[in-house]
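# Summary of structural features
The chain contents come next:
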Amino acid sequence: MALVGTTTGGTPQGLGSEASATSFPSATPVPGPGEAEEDDAEEPAEIHLCVLWNLGHLGIAYYDTSDSTIHFMPDAPDHENLKLLQRVLDEINPQSVVTSAKQDENMTRFLGKLASQQRREPKRPEIIFLPNVDFGLEISKQRLLSGNYAFIPDSMTTTEKIIFLSSIIPFDCLLTVRALGGLLKFLGRRRIGVELEDYNVSIPILGFKKFVLTHLVSIDRDTYSVLQIFKSESHPSVYKVASGLKEGLSLFGILNRCRCKWGEKLLRLWFTRPTHDLEELNSRLDVIQFFLLPQNLDMAQMLHRLLGHIKNVPLILKRMKLSHTKVSDWQVLYKTVYSALGLRDACRSLPQSIPLFRDIAQEFSDDLHHIISLIGKVVDFEGSFAANHFTVLPSIDPEIDEKKQKLVGLPSFLTEVAWKELESLDSRIPSCSVIYIPLIGFLLSIPRLPSMVEASDFEIEGLEFMFLSEEKLHYRSARTKELDALLGDLHCDIRDRETLLMYQLQCQVLARAAVLTRVLDLASRLDVLLALASAARDYGYSRPRFSPQLLGVRIQNGRHPLMELCTRTFVPNSAECGGDKGRVKVITGPNSSGKSIYLKQVHAIPHCAPADFLSLSTDPKVGLITFMALVGSFVPAEEAEIGAVDAIFTRIHSCESISLGLSTFMIDLNQVAKAVNNATEQSLVLMDEFGKGTNTVDGLALLAAVLRHWLSLGPMCPHIFVATNFLSLIQLQLLPQGPLVQYLTMETCEDGNDLVFFYRVCEGVANASHASHTAAQARLPDKLISRGKEVSDLIRSGKPIKPIKELLKERQMENCQTLVDKFLKLDLEDPNLDLEIFMSQEVLPAATTIL
């Protein structure tokens, strides 16, 4: 950019395009919500986890680059198999797992399995060992206390900083402190997030957050897939090298009406952490119930609109910490704080008996007013976007105002200077201009004359030649040097001064990072609950009740939340379970009658059923209803009363993968082995068609052996649901008789040649699989279906299977006709014809198929 003052042919000219571009806009009001746009380009999130295991306890901490926050779990007991650690790994999916090189046998075995998975699956975490000395207790405390944290004001003394951190970090949890110290060591060594920055730039840490995995219901990945809670679908894009993923038809997809990114993130977290903490669940349901009242609809819609302006505050704070703040960041931050104050004012008018409203009203403190006031008074948004860098409003800094005023009047002043320079130049020079170039200063610019060919021709007495550009010669003269001394480098001076003000403003914002983080936490929680309330209103959901004393679940007129959206009519069903009888339920029925669907609907029930869980209703809706209740959502039922069990084990879908190097049946056996080795009397075991992957007799024997093992436990037997087409299991009486076994079947009715499915479970045993009906639905030829029925009847009656006479005759006639055609084509007068070869190669082989 250059400012120009010009004379041509003795007549002063006005400002050119370059000059006009330097004018500064007048002060404009700070934009309110809706005017700022968020920068969508975000760095991919990475999670780095540090874990320590000692004497049956775990210490876990991890760093999330998406919000630049360290999360830690206070010392927690874990089984020798490290099930808790496995759950954490499955949930957060870290890029790396950092631990001490000195480990006991249990952790060594666990890390060995994790390393073998890493070789087969590239997405598995990298395992990193640090010397045990890096996890020393004292050195870890020192790292924590001496860290440079953006959320701690620089004005705090060392003692105040220690007291402040002690209120956040549990220094009495020794394993956690050591894990935090090891994590900080790893982050500093790897330079996570600041790989390209100067070494004196520290890792941005915007806060410490505690997470716990108590009161959680254990759900494995198969459960999420079977119940269609999450469903990722490929989303091809012409703009990306690789296809992305989007949420398909799933429970998460229909309930996710969140307006901000962090609300959606929290909803997904709730889905991965269903809980039986009644206080937490009821606090969520209270908010949803409040917004479902007709008189609160307008308030819900207003809050929903405000939440749409809550943006990615952690990313902005991280950029501020690294001094990478963009112009758009200030608008986004202003809009977020503006909306947060709107949320606070709205929540102050709502019942303070609801904890979320009270927290928002109290914790959205006056620090937000301070931030928005500073940004609104300092930042010139219009000027910043026009100049593409941070600029301040007038009357903020007198020195900046003075320099900007000089800059605005500079073109006309330079024109006067150019007049005087032209008078002292050679008469052959027709025109000249005085220009200002940032970082270079003021220069005299004259057009190149035809006589100026060699570099020596550029020399002019009294002028210092600088450079040639676009057929114009640029010089320093006595006047331009005087201007440099008098006015200095205006642009750079202004930028330096504004950058200093921006840094001071950043420090003010970072000192209040804690309240901004809290704003994000509470706003995202409100966003999730408003989304769930919106879905409950549109789909007619009702509030579930939690009864710890109930040994089961009661659902009246429940509906499948996904299926009811895909069908024109849906018939609701009720369900009730409880008691000690019938712990092993053997479900038989025709093909396509709904046995697998019945298992799937059972699949999620135990997440809320109490210790003595029993039976359920007839479709997957019950499982989804229970799951929805355990994330704090209203449910698709007239009434629902729910409680919890300790674990769920399934053998429903075979997760086949070439990378596993296992056969389908081996995968099935592994799933059943987990249940046999770990299920308790409070566990639920679901098996669908176990044994079908091998020889029929062997598969039936394995199924019977597994069930008899559990039945031998008596009252300690888990709650087991088995769907099978092995009718011999019942016919041969392979299971002992008694109250622990209950036989169920899927209700059907034969209407002539048609088989009508009612999709209802009733007591009894199926007498046939009705495979022929399913084959007819698949449009197999009628002849094949009839023959299949005939063979099935012969096998069942123990009679020999004979070929079909009509079909045999038809084939004989076809073969005879083929042989006759070959005889008729023979040329008996052909001297090369060899009848012996023809008889041996054509006639005799055909005779075996004719006779």
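Structural data are supplied above this passage.
Residues numbered from 1 in each chain as written. Predicted model: local features only at pLDDT ≥ 70, side-chain atom pairs only at ≥ 80, totals over all residues. Heavy atoms only, no water.

## A few points about the overall build of the protein
Rules: By definition, any uninterrupted DSSP run of H or I lasting at least four residues is a helix, any uninterrupted run of E lasting at least two residues is a strand, and each is numbered from the N terminus. Any residue under 20% of the maximum accessible area for its type is buried, any over 50% is exposed, and the rest in between are partly exposed; the area is computed with a 1.4 Å probe on protein chains only. Throughout, the Shrake-Rupley method with a 1.4 Å probe supplies accessible areas, and for residues the shown protein chains are the sole cover considered.
A count of helices and strands for the protein gives 30 helices and 24 strands. Taking all 851 residues of the protein together, the buried fraction comes to 48%. A total accessible area of about 42100 Å² is found for the protein, and carbon and sulfur atoms account for 53% of it.

## Considerations on the environment of Phe 665
To be explicit about the condition: In what follows, residue pairs with any heavy atoms lying within 4.5 Å of each other are defined as contacts.
By secondary structure assignment, the location of Phe 665 is in helix H24 (residues 664-678). Judged by relative accessible area, Phe 665 falls into the buried class, the value being 15%. Taking the C-alpha atoms as reference, Phe 665 lies 8.9 Å from Phe 690; in sequence the two are 25 residues apart. The contacts of Phe 665, once residues within four sequence positions are left out, are Phe 690, Gly 691, Gly 693, Thr 694 and Leu 702.

## Considering the packing of aromatic side chains
How two aromatic rings sit relative to each other is given by the distance of their centres and the angle of their planes. Note the cut-off: Classification of ring pairs uses Phe, Tyr and Trp, with its six-membered ring standing for Trp, and accepts pairs whose centres are within 6.5 Å; under 30 degrees between planes counts as stacked, over 60 as edge-to-face, and the remaining range as tilted. Two conditions define a charge located above a ring, namely a distance within 6 Å from the ring centre to NZ of Lys or CZ of Arg, and an angle within 35 degrees of the ring normal.
Under the defined criterion, the tally for this structure stands at 19 aromatic pairs. Seen from their ring centres, Tyr 539 and Tyr 541 are 5.7 Å apart, and the 45° between their planes marks the pair as tilted. Using a relative accessible area of 7% as the deciding quantity, one classes Tyr 541 as buried. Members of the aromatic cluster, each reached through a chain of ring pairs, are Tyr 149, Phe 151, Phe 164 and Phe 208. Positioned over the ring face of Phe 252 is Arg 268, at 4.3 Å from the centre of the ring.

## Quick notes on helix H2 (residues 83-92)
Three or more residues of H2 are buried, namely Leu 84, Leu 85, Arg 87, Val 88, Leu 89 and Ile 92. The positive-phi residue at the C-terminal boundary of H2 is Asn 93, with phi of around 50°.

## Things to note about the sheet that holds strand S5 (residues 69-77)
Rule in force here: Being paired, for any two strands, means DSSP has found at least two bridges between them. To get an axis, a line is fitted to the C-alpha atoms, and for a helix only the part in contact is used. The angle between two axes follows their N-to-C directions and goes from 0 to 180 degrees.
Sheet architecture is open: six strands sit in the order S7-S6-S3-S4-S5-S8, paired in mixed fashion. Strands with a single pairing partner mark the edges of an open sheet, and in this sheet they are strand S7 (126-130) and strand S8 (207-210). Here the average twist between neighbouring strands, direction ignored, is 20°. One ladder, built from eight bridges, connects strand S3 (residues 47-54) with strand S4 (residues 57-64); its direction is antiparallel. Its bridge partner being in S4, Val 51 is matched across the sheet by Ile 60.

## What to know about the nonpolar core
Rules: Among buried residues, those of type Ala, Val, Leu, Ile, Met, Phe, Trp, Tyr and Cys that are joined through side-chain atoms within 4.5 Å constitute a nonpolar core.
One finds Phe 208, Phe 271, Phe 291, Trp 330, Leu 516 and Leu 526 to be the most contacted residues of the largest nonpolar core, which totals 153 residues. Top contributing element to this core by residue count: helix H20 (residues 513-539), with 16 residues. Once residues within four sequence positions are removed from consideration, Phe 208 is found in contact with Thr 69, Ile 70, Phe 72, Leu 144, Tyr 149, Phe 151, Ile 168, Ile 169 and Leu 180. Within the second largest apolar cluster, 27 residues are counted, among which are Val 706, Trp 710, Cys 717 and Val 722.

## Points about the pattern of salt bridges
Stated precisely, the cut-off is as follows: By definition here, a salt bridge exists when the distance from a side-chain nitrogen of Lys or Arg to a carboxyl oxygen of Asp or Glu is within 4 Å.
Throughout the structure, instances matching the rule amount to 26 salt bridges. A salt bridge links Arg 257 to Asp 538; the nearest nitrogen and oxygen atoms lie 2.4 Å apart. Note that Arg 257 is positioned in the loop between helix H8 (251-255) and helix H9 (261-272) and Asp 538 in helix H20, a separation of 281 residues in sequence. Arg 257 sits in the partly exposed class, given a relative accessible area of 22%. Salt-bridge contacts for Arg 497 lead to Asp 397; the nearest nitrogen and oxygen are separated by 2.6 Å. Taken as a pair, Arg 497 in helix H19 (residues 490-510) and Asp 397 in the loop between helix H16 (381-387) and helix H17 (398-424) lie far apart in primary sequence, 100 residues in all. On the basis of relative accessible area, Arg 497 is assigned to the partly exposed category, the value being 30%. When salt bridges that share partners are traced, they join Asp 134, Arg 143 and Arg 189 into one network.

## Points about the packing of H17 against helix H18 (residues 478-487)
Note the cut-off: Any angle between 65 and 115 degrees counts as roughly perpendicular, while under 35 counts as roughly parallel, over 145 as roughly antiparallel, and the rest as oblique. Note: crossing handedness is left-handed where the near helix turns anticlockwise from the far helix by less than a right angle, and right-handed where it turns clockwise.
Between H17 and H18, the least distance of the axes is 11 Å, while the angle of their chain directions is 155°. As the angle between them shows, H17 and H18 are arranged roughly antiparallel. In terms of crossing hand, the pair formed by H17 and H18 is right-handed. Facing H17, whose interface residues are Lys 406, Leu 410, Phe 413, Leu 414, Val 417, Lys 420, Glu 421 and Ser 424, H18 presents Arg 479, Thr 480, Leu 483 and Leu 487.

## Digging into the side chain of Ser 250
The test is simple: Counting of polar contacts relies on pairs of N or O atoms within 3.5 Å, with two restrictions inside protein: one atom must be capable of donating a hydrogen and the other of accepting it, and residues adjacent in sequence are counted only when both atoms are side-chain atoms.
With respect to the helices, strands and loops of the structure, Ser 250 is situated in the loop between strand S10 (244-247) and H8. Within the local environment of Ser 250, its side chain forms a polar contact with the backbone nitrogen of Gly 253, the two atoms lying 3.0 Å apart. Sequence-distant contacts of Ser 250, that is, excluding residues within four places in its chain, are made with Gln 228, Ile 229, Phe 230, Lys 231 and Leu 562.

## Considerations on the packing of helix H12 (residues 313-321) against H19
Running from amino to carboxyl end, H12 crosses H19 at an angle of 130°, the nearest separation of the two axes being 10 Å. Here H12 is positioned oblique relative to H19, judged by the angle of their axes. Along this stretch, H12 crosses H19, giving a crossing that reads as left-handed. Residues Leu 317, Met 320 and Lys 321 of H12 form the contact with H19, whose own contacting residues are Gln 506, Val 509 and Leu 510.

## Considerations on the side chain of His 474
Along the chain, His 474 falls in strand S14 (residues 472-476). Note on His 474: relative accessible area 7%, which makes it buried. Excluding anything up to four places from it in sequence, His 474 contacts Ile 435, Leu 443, Leu 444, Ser 445, Glu 464, Phe 465, Met 466, Phe 467 and Ser 469.

## Some remarks on the environment of Ile 494
Relative to the assigned elements, Ile 494 resides in helix H19. Its relative accessible area of 4% is what places Ile 494 among the buried residues. Through-space distance from the C-alpha of Ile 494 to that of Leu 407 is 9.9 Å; in sequence the pair is 87 residues apart. With residues near it in sequence (within four places) discarded, Ile 494 still touches Ile 400, Lys 403, Lys 404 and Leu 407.

Spatial relationships are all this shows, so hold off on functional conclusions.
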